[in-house]
Amino acid sequence: VGFAVLSPPSALLMAPLLPLGLHGAQIAWMVLQGLFALGTGFVLCRWLERPLWMGPTLMLCAAPLLRAHLVQGQVHLPVMLLIALGLWGWKKGRDPGAGVCLGLAIGLKIHAWPLLALAALVGRARLLAWTMGTLCVGGAVSVVLLGWDVHAVWLGEIGPAASRGRFIDPWSVSFQSF
């Protein structure tokens, strides 16, 4: 699944692209990433009540910064879109939609988990229930499709280390990687 801090469900996100072959899947994923970035720009503008042209313009200006993520095939941009949709739904009081989006974001990238604590702290029990429900259903689907072994390693070793900020990234310049 790429870097070890990526959760097993992130592999499921890429699976539909496999029939395209390595090069075709890479091109398709880069195009999808661009759409995720533009979508995030639009959602942020809606959430912050700004003109719609500002978000995509910001994302296009940030393209050089996002290039490394595009080349490495990371899942940051779909997660960023899910978080933006979740927070927009949170602001609008649409707990089911917001909870599903946040649950998917946390399931794909553990670094979004502080949003669970925030929802609990501000008393958004319904949003928290939808988020946890999405995590449970998504986790069950992932275990059925990928098997328990990969999840056991991730839950026992990688997830706890990543949640403490200790990344297992072979290209990291951090001493925590050793």
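Each value, and the rule that gives it
Residues numbered from 1 in each chain as written. Predicted model: local features only at pLDDT ≥ 70, side-chain atom pairs only at ≥ 80, totals over all residues. Heavy atoms only, no water. Helix = DSSP H or I, 4+ residues; strand = E, 2+ residues; numbered from the N terminus. Contact = heavy atoms within 4.5 Å. Areas by Shrake-Rupley, 256 points an atom, 1.4 Å probe, with all protein chains shown as cover. Buried < 20%, exposed > 50% of the residue type's maximum accessible area, 1.4 Å probe, protein only. Arc of directions from axis to C-beta. Axes fitted to C-alpha atoms, helices over the stretch in contact; angles between N-to-C directions. Parallel < 35°, antiparallel > 145°, perpendicular 65-115°, else oblique. Left-handed = near helix turned anticlockwise from the far one by under 90°. Nonpolar A, V, L, I, M, F, W, Y, C, P; charged D, E, K, R; others polar. Expected span 1.5 Å × (residues − 1). Salt bridge = Lys/Arg side-chain N within 4 Å of Asp/Glu carboxyl O.

A closer look at the overall build of the protein chain
So, point 1. Along the protein chain, the regular secondary structure elements total nine helices and zero strands.
So, point 2. What you see in the protein chain, going N to C, is helices and strands ordered as α-α-α-α-α-α-α-α-α.
So, point 3. Once local pairs closer than 6 in sequence are excluded, the contacts in the protein chain between residues at least 24 apart make up 64%.
So, point 4. Carbon and sulfur atoms form 74% of the exposed surface of the protein chain, whose accessible area is close to 10300 Å².

So, helix α3 (residues 54-61)
So, point 1. Considered for burial, the residues of α3 that qualify are Gly 55, Pro 56 and Met 59. Mapping the buried residues of α3 onto a view down its axis gives an arc of 95°, with all of them on the same face. More than 90 degrees from the buried face of α3, the exposed residues found are Leu 58, Leu 60 and Cys 61.

Side note on the packing of helix α2 (residues 21-48) against α3
So, point 1. Packing of α2 against α3 leaves a shortest axis separation of 7 Å and a crossing angle of 140°. One finds that α2 runs oblique with respect to α3. Two packed elements cross with a definite hand, and for α2 against α3 that hand is right-handed. Judged by residue contacts, Ala 37, Leu 38, Thr 40, Gly 41, Phe 42, Leu 44 and Cys 45 of α2 engage Met 54, Gly 55, Pro 56, Met 59 and Leu 60 from α3.
So, point 2. Considering only residue class, the contact of α2 with α3 consists of nine nonpolar, three polar and no charged.

As for the environment of Arg 164
So, point 1. Mapped onto the elements, Arg 164 comes out in the segment after α9 (148-163).
So, point 2. Its relative accessible area of 59% is what places Arg 164 among the exposed residues.
So, point 3. Between the C-alpha atoms of Arg 164 and His 111, which are 53 residues apart in sequence, the distance is 9.9 Å.

Describing helix α5 (residues 76-92)
So, point 1. The end-to-end C-alpha distance of α5, which contains 17 residues, comes to 24 Å, matching closely the 24 Å that a straight helix rising 1.5 Å per residue would cover.
So, point 2. Gly 93 sits one or two positions beyond α5 and adopts a positive phi of about 80°.

Section: the pattern of salt bridges
So, point 1. If you walk through the whole model with that rule in mind, you get two salt bridges.
So, point 2. In this structure, Glu 49 engages Lys 91 in a salt bridge whose closest nitrogen and oxygen atoms are separated by 3.5 Å. Of this pair, Glu 49 sits in the loop between α2 and α3 while Lys 91 is found in helix α5, placing the two residues 42 residues apart along the sequence.
So, point 3. Glu 49 sits in the exposed class, given a relative accessible area of 59%.
So, point 4. Judged by relative accessible area, Lys 91 falls into the partly exposed class, the value being 45%.
So, point 5. When the shortest N-O distance is used, the salt bridge between Asp 95 and Arg 124 registers 2.3 Å. Of this pair, Asp 95 sits in helix α6 (residues 95-108) while Arg 124 sits in the loop between α7 (114-121) and α8 (125-146), and the two are 29 residues apart along the sequence. The same class applies to Asp 95 as to Arg 124, namely buried.

Everything listed here is a matter of geometry and, on its own, says nothing about what the molecule does.
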